[in-house]
Amino acid sequence: MQVIEKVREMQELARQWRREGYSIGFVPTMGALHEGHLSLVREARKHHDRVVVSIFVNPLQFGPSEDYNRYPRTFEEDKALLIAEGVDVIFFPSVEDLYPQNYQTYVTLERLPEHLCGLSRPGHFRGVATVVTKLFNIVMPHEAYFGKKDYQQFRIIERMVQDLNMDLKVTPMPIVREHDGLAMSSRNRYLTPQERQKALILFRSLELASDRIQKGERDAFRLTQEIRKFIQREVSEARIDYVSFVDAKTLEDIKTLSGHVLLALAVFIGTTRLIDNREFFLED
Ligand SMILES: Nc1ncnc2c1ncn2[C@@H]1O[C@H](COP(=O)(O)OP(=O)(O)OP(=O)(O)O)[C@@H](O)[C@H]1O
Ligand SMILES: CC(C)(CO)[C@@H](O)C(=O)[O-]
Ligand code: BAL
């Protein structure tokens, strides 16, 4: 396995692979890898001749009061995990190489970022869309894999690839969870043991919603209110960012649960902001 730090070198290798007729699978990450990331890597390994994983903590997608500086950087552990998965290349660029002086080009979408995390993290998806475009241009993948834990991110990349006629397939992958239901996330490392227990409230909220929906609840407002009260009652220290039922494709708020619906949650446990979600497929 090779570690490539330079944009030029990565691009050169990708071009060579393409000339030789190899297919390239790509998993973009910010490192601090866990089984969620590895599930994406395994899928890429299954379907492609060459697999590239990028590790880059992208300053452009963090707000000024967010955790850019604190974000876990665990390159040596990540490298060992990726060697074990048979990855061909880790692309590990520097901030200076991706955003040199006088950098001034950004990718923005009009509507999908105006919901959910886009509201609480202004500029976040501009940063994501921009870096992912750059990574696609550098790694030149045939297929790229994104976890549905970051559901809005997946929808945004899917839209961007379609709108800009980017020549690759975007494949969403299911959320990987800990044994007790907590969605795996690099940010789980921030949690104290007490907070780790409290963080289960996200999964428990999804379970509560599934139960109510299975029993016939279709009023999004009523169920949202019930979930909010449940979170506040069970974990007094939890601070709700959002609890939203949205159309799973447009991410617009809905009043009645019908068709392909997403319940998305963002909750602070202490200072750690966690997200989770579940899709529902309901008869109209
Ligand atoms: N639990 C998970 N299951 C499936 N995919 C996941 C999971 N967690 C992250 N991913 C996916 O891995 C890719 C890289 O994500 P990233 O490096 O931001 O990890 P992360 O654990 O989501 O970090 P954080 O939660 O701190 O944002 C994204 O496509 C993301 O959706
Ligand atoms: C897609 C991504 C690597 C872009 O920085 C990041 O948002 C992430 O890890 O989900
Ligand atoms: N997992 C999406 C990256 C971020 O939270 O910045």
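Placed above this text is the structure.
For clarity, every value in this text was computed on a predicted model and none was experimentally measured.

Procedures and definitions
- Residues numbered from 1 in each chain as written.
- Chains lettered and ligands numbered in written order.
- Predicted model: local features only at pLDDT ≥ 70, side-chain atom pairs only at ≥ 80, totals over all residues.
- Heavy atoms only, no water.
- Core = buried A, V, L, I, M, F, W, Y, C linked by side-chain atoms within 4.5 Å.
- Buried < 20%, exposed > 50% of the residue type's maximum accessible area, 1.4 Å probe, protein only.
- Helix = DSSP H or I, 4+ residues; strand = E, 2+ residues; numbered from the N terminus.
- Domains from an automatic or database assignment.
- Contact = heavy atoms within 4.5 Å.
- Near = heavy atom within 4 Å.
- Polar contact = N/O pair within 3.5 Å; in protein donor to acceptor, adjacent residues only side chain to side chain.
- Areas by Shrake-Rupley, 256 points an atom, 1.4 Å probe, with all protein chains shown as cover.
- Nonpolar A, V, L, I, M, F, W, Y, C, P; charged D, E, K, R; others polar.
- 1 Å grid on protein atoms, 1.4 Å probe; cavity = no way out; pocket = protein on both sides within 12 Å on 5 of 7 lines; lining within 4 Å.
- Points joined across faces, edges and corners; volume = space filled by probe spheres on them.
- Axes fitted to C-alpha atoms, helices over the stretch in contact; angles between N-to-C directions.
- Parallel < 35°, antiparallel > 145°, perpendicular 65-115°, else oblique.
- Left-handed = near helix turned anticlockwise from the far one by under 90°.
- Salt bridge = Lys/Arg side-chain N within 4 Å of Asp/Glu carboxyl O.

Let's talk about the nonpolar core
Logical step 1: Counting residues in hydrophobic clusters, the biggest one holds 48 residues, and the most contacted among them are Met 10, Val 52, Phe 91, Phe 136, Ile 157 and Met 160.
Logical step 2: Counting residues per element, this core draws most heavily on helix α6 (residues 124-139), which supplies nine residues.
Logical step 3: Mapping this core onto the domain boundaries places at least three of its residues in each of domain 1 (2-173) and domain 2 (186-278).
Logical step 4: When neighbours within four sequence positions are excluded, Phe 91 is seen to be in contact with Ile 4, Glu 5, Lys 6, Val 7, Met 10, Val 52, Val 53, Ser 54, Ile 55, Leu 135, Ile 138 and Val 139.
Logical step 5: Ranked by size, the runner-up nonpolar core spans 29 residues in total, among them Ala 199, Ile 213, Ala 220 and Phe 245.

What about the site of ligand 3?
Logical step 1: Residues in contact with ligand 3, as listed here, are Met 30, Gln 61, Arg 121, His 124, Asp 150, Gln 153 and Arg 187.
Logical step 2: Here Gln 61 contributes a side-chain N or O atom positioned 2.9 Å from an oxygen atom of ligand 3.
Logical step 3: Coverage of ligand 3 by the protein amounts to 87% of the 220 Å² it exposes when considered alone.
Logical step 4: Considered class by class, the residues forming the shell around ligand 3 number one nonpolar, three polar and three charged.

Remarks on the layout of surface pockets
Logical step 1: Empty space within the second largest pocket amounts to approximately 290 Å³.
Logical step 2: Across the lining of the second largest pocket, the residue classes tally to two nonpolar, three polar and eight charged.
Logical step 3: Counting the residues that make up the lining of the second largest pocket, at least three belong to each of domain 1 (2-173) and domain 2 (186-278).

Digging into the site of ligand 2
Logical step 1: Taken together, the neighbourhood of ligand 2 is formed by Pro 28, Thr 29, Met 30, Asn 58, Gln 61, Val 128, Val 131, Val 132 and Gln 153.
Logical step 2: In this structure, Gln 61 approaches ligand 2 through a side-chain N or O atom, which is 2.6 Å from an oxygen atom.
Logical step 3: Elements supplying a minimum of two residues to the shell around ligand 2: β2 (24-29) and α6.

A closer look at the packing of α6 against helix α7 (residues 151-163)
Packed helices, taken two at a time, are described by the angle between their axes plus the distance between the axes.
Logical step 1: Taken N-terminus to C-terminus, the directions of α6 and α7 make an angle of 55 degrees; their axes are 11 Å apart at the nearest point. The angle between α6 and α7 falls in the class oblique. Pair α6 / α7 crosses with right-handed handedness. Residues Phe 125, Val 128, Ala 129, Val 132, Thr 133 and Phe 136 of α6 pack against Gln 152, Gln 153, Ile 156, Ile 157, Met 160 and Val 161 of α7.
Logical step 2: Among the residues making up the contact of α6 with α7, the classes are represented as nine nonpolar, three polar and no charged.

So, unusual backbone geometry
Logical step 1: Non-glycine residue Met 140 carries a positive phi angle of around 50 degrees.
Logical step 2: Within the element layout of this structure, Met 140 appears in the loop between α6 and β5 (143-147).
Logical step 3: Met 140 sits in the buried class, given a relative accessible area of 19%.
Logical step 4: For Asn 165, which is not a glycine, the phi torsion comes out positive at approximately 50 degrees.

Quick word on the pattern of salt bridges
Logical step 1: Evaluated as defined, the whole model comprises 23 salt bridges.
Logical step 2: Across the pair Asp 67 and Arg 187 runs a salt bridge, and its minimum N-O distance is 2.9 Å. Of this pair, Asp 67 sits in the loop between β3 (50-55) and α3 (75-84) while Arg 187 is found in the loop between β6 (169-173) and α8 (193-198), placing the two residues 120 residues apart along the sequence. The residues Asp 67 and Arg 187 share a single accessibility class, namely buried.
Logical step 3: For the salt bridge of Arg 177 with Asp 276, the shortest nitrogen-to-oxygen distance reads 2.9 Å. Taken as a pair, Arg 177 in the loop between β6 and α8 and Asp 276 in strand β9 (residues 272-282) lie far apart in primary sequence, 99 residues in all.
Logical step 4: When its relative accessible area of 24% is taken as the criterion, Arg 177 is described as partly exposed.
Logical step 5: For Asp 276, a relative accessible area of 3% gives the class buried.
Logical step 6: Here the salt bridges do not stand alone but share partners, grouping Asp 211, Arg 212, Lys 215 and Glu 226 into one network.

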